[in-house]
Amino acid sequence: MPENPIARRSLLRTAAAGAAVLPLAAAADAAAADAASPAGPGSPGGTGPVFRWLGTAGWRIEGAGKNVLFDPYITRFDTGLFKPPFNSATPLTVDGGLVDRHAGKPDLILVSHSHWDHINDVPHLAAGSTAPVVGTATTCHLLRAMGVPASRLVVVKGGEVLDFGYCVVEVVAGLHSRNAEYRYFAPGTLTAPPAAPPATIADLPEGDTLAFQIRFGDGPSAFLMGASDFVARNLTGLRPDVAMVAVQSSSSTHRYAERLLTALDLPRTVVPVHWDNFEVPLAEPAVRDPGADLDGLVSRIRRHSPRTRVIVPEHLAPLRF
């Protein structure tokens, strides 16, 4: 772990440098006007899946009578990341009632990687359901040590196309965000479950990073990122209707926004994620990480792909596309 708390903090920054965008207070209006319609029975947007941003990279997606979760981190405990000093020995804690209230009972859980702000609440959600949990080998080893039965864990590497009946999920091998020194936070992989359950955030290595593309029936395809880097060749042919794009943590990745949009064939709609302070309660309006430059990413998207609609989401606000 880096010794400087500010350097630690920069490892998980969710943006680079930039210009101006809609104020967050206008996010719900932008979503309603630019995406499709407010979600709800009989709304003009039809009966497609409803997406609710759970903050960080997380989503609750309800479609075909099912509830799919991606990187659900709802407990959002204090680590000192946004009010230094950062404490890598922060204990893992779960607010079960809060998690259940905002996540609901899942039918499927997708996990991009194993850092605490992506995996912390997954064991609780798995324990209260029969949902399969899809992730890397490291993610599954950690979840096994945290009490999730092996029979519920689905190990993937990237390239799999999984048919769950109500939705199809394509798994994409990705990369984790890089800091200004070209490094990333808490690397490492596991080849077996750890001898003891993870107890602190430092016990959770990244363990490789995935992205997922999900489609319910004939509804829109949605590309879900959990971190802000990618392998362009792995995105060829995906052509999502909607891309949930993680905001870049530094300028280390060459022409991140431009290359990503091109690889995804200029999606019709882009929703930036992983730009909020994920230690602010989810029920409160999203607060930017003060070092994040969401505006810069949005500006680059609009310059590179003027026809792409950019929607800045708000916590828990329902969206249809």
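Report follows, based on the coordinates. (Residues numbered from 1 in each chain as written. Predicted model: local features only at pLDDT ≥ 70, side-chain atom pairs only at ≥ 80, totals over all residues. Heavy atoms only, no water.)

### Observations regarding the overall build of the protein
Point 1. Scanning the protein from terminus to terminus reveals 8 helices and 14 strands.
Point 2. Per-residue burial over the protein gives 58% buried out of 321 residues. (Helix = DSSP H or I, 4+ residues; strand = E, 2+ residues; numbered from the N terminus. Buried < 20%, exposed > 50% of the residue type's maximum accessible area, 1.4 Å probe, protein only.)

### Observations regarding the pattern of salt bridges
Where side chains of opposite charge bring their charged atoms close, a pairing between them can arise.
Point 1. Summed over all chains, the structure comprises 5 salt bridges.
Point 2. One salt bridge connects Glu62 with Arg52, and the closest N-O pair in it is separated by 2.3 Å. Note that Glu62 is positioned in strand S2 (residues 59-63) and Arg52 in strand S1 (residues 50-53), a separation of 10 residues in sequence.
Point 3. Put simply, Arg239 and Asp265 hold a salt bridge, and the shortest N to O gap is 2.7 Å. A residue pair is termed long-range when its members are at least 10 positions apart, and Arg239 in the loop between strand S10 (222-225) and strand S11 (242-246) and Asp265 in the loop between helix H7 (256-263) and strand S12 (269-273) qualify at 26 residues.
Point 4. Owing to a relative accessible area of 57%, Arg239 belongs among the exposed residues under this scheme.
Point 5. Salt bridges sharing partners connect three or more residues here, namely Arg52, Arg60 and Glu62. (Salt bridge = Lys/Arg side-chain N within 4 Å of Asp/Glu carboxyl O.)

### What to know about the packing of H7 against helix H8 (residues 294-304)
Point 1. Running from N to C, H7 and H8 point in directions that differ by 50°, and their axes come no closer than 9 Å. Classified by the angle between their axes, H7 and H8 sit oblique to one another. Once H7 is placed against H8, the crossing between them reads as right-handed. Side by side, H7 and H8 meet where Tyr256, Ala257, Glu258, Leu261 and Thr262 of the first sit next to Leu297, Arg300, Ile301 and His304 of the second.
Point 2. Here the contact of H7 with H8 is built from residues that sort into 5 nonpolar, 2 polar and 2 charged. (Axes fitted to C-alpha atoms, helices over the stretch in contact; angles between N-to-C directions. Parallel < 35°, antiparallel > 145°, perpendicular 65-115°, else oblique. Left-handed = near helix turned anticlockwise from the far one by under 90°. Contact = heavy atoms within 4.5 Å. Nonpolar A, V, L, I, M, F, W, Y, C, P; charged D, E, K, R; others polar.)

### What to know about the sheet that holds strand S3 (residues 66-70)
Point 1. Strand order in the open sheet formed by 7 strands is S6-S5-S4-S3-S2-S1-S14, and the pairing between neighbours is mixed. Both edges of this open sheet fall to strand S6 (153-155) and strand S14 (318-319), since each of them pairs with a single strand only.
Point 2. Sheet topology places S2 next to S3; 5 bridges connect them, and they run antiparallel. Its bridge partner lying in S3, Arg60 is registered against Leu69.
Point 3. Contacts from helix H6 (residues 137-145) reach strand S5 (133-135) and S6, with the element oriented near 160° to S6. (Pairing = 2+ DSSP bridges.)

### Points about the nonpolar core
Point 1. Counting residues in each nonpolar core, the largest one holds 55 residues, and the members touching the most others are Trp59, Ile214, Phe223, Leu235 and Met244.
Point 2. Beyond its immediate sequence surroundings of up to four residues, Phe223 is in contact with Val172, Ala211, Phe212, Gln213, Leu235, Leu238, Pro240, Val242, Ala243, Met244 and Leu264.
Point 3. Counting 32 residues, the second-largest nonpolar core is a separate cluster that includes Ile74, Val111, Phe185 and Leu282. (Core = buried A, V, L, I, M, F, W, Y, C linked by side-chain atoms within 4.5 Å.)

### Quick look at the sheet that holds strand S8 (residues 168-173)
Point 1. Spatial ordering of the open sheet is given by S7-S8-S9-S10-S11-S12-S13, a layout of 7 strands whose pairing is mixed. Of all the strands in the sheet, just strand S7 (161-163) and strand S13 (309-310) have a single pairing partner and so form its edges.
Point 2. In this sheet, S13 lies alongside S12 in parallel orientation, the contact comprising 2 bridges. Bridge pairing in S13 places Thr269 opposite Arg309.

### Regarding helix H3 (residues 96-103)
Point 1. Restricting attention to buried positions, one finds in H3 the residues Gly96, Leu98, Val99, His102 and Ala103. The arc enclosing the buried residues of H3, seen along the axis, measures out at 160°, which places them on a common side.
Point 2. Contacts made by the buried residues of H3 are with S2, S3 and helix H5 (122-127). (Arc of directions from axis to C-beta.)

### Thoughts on the side chain of Thr209
Point 1. Tracing the chain through its elements places Thr209 in the loop between S8 and strand S9 (210-215).
Point 2. For Thr209, a relative accessible area of 5% corresponds to the buried category.
Point 3. At 2.7 Å, the side chain of Thr209 and the side chain of Glu206 are in polar contact.
Point 4. Setting aside residues up to four positions removed in sequence, Thr209 forms contacts with Ser112, His113, Val172, Ala173, Gly174, Leu175, His176 and Ala227. (Polar contact = N/O pair within 3.5 Å; in protein donor to acceptor, adjacent residues only side chain to side chain.)

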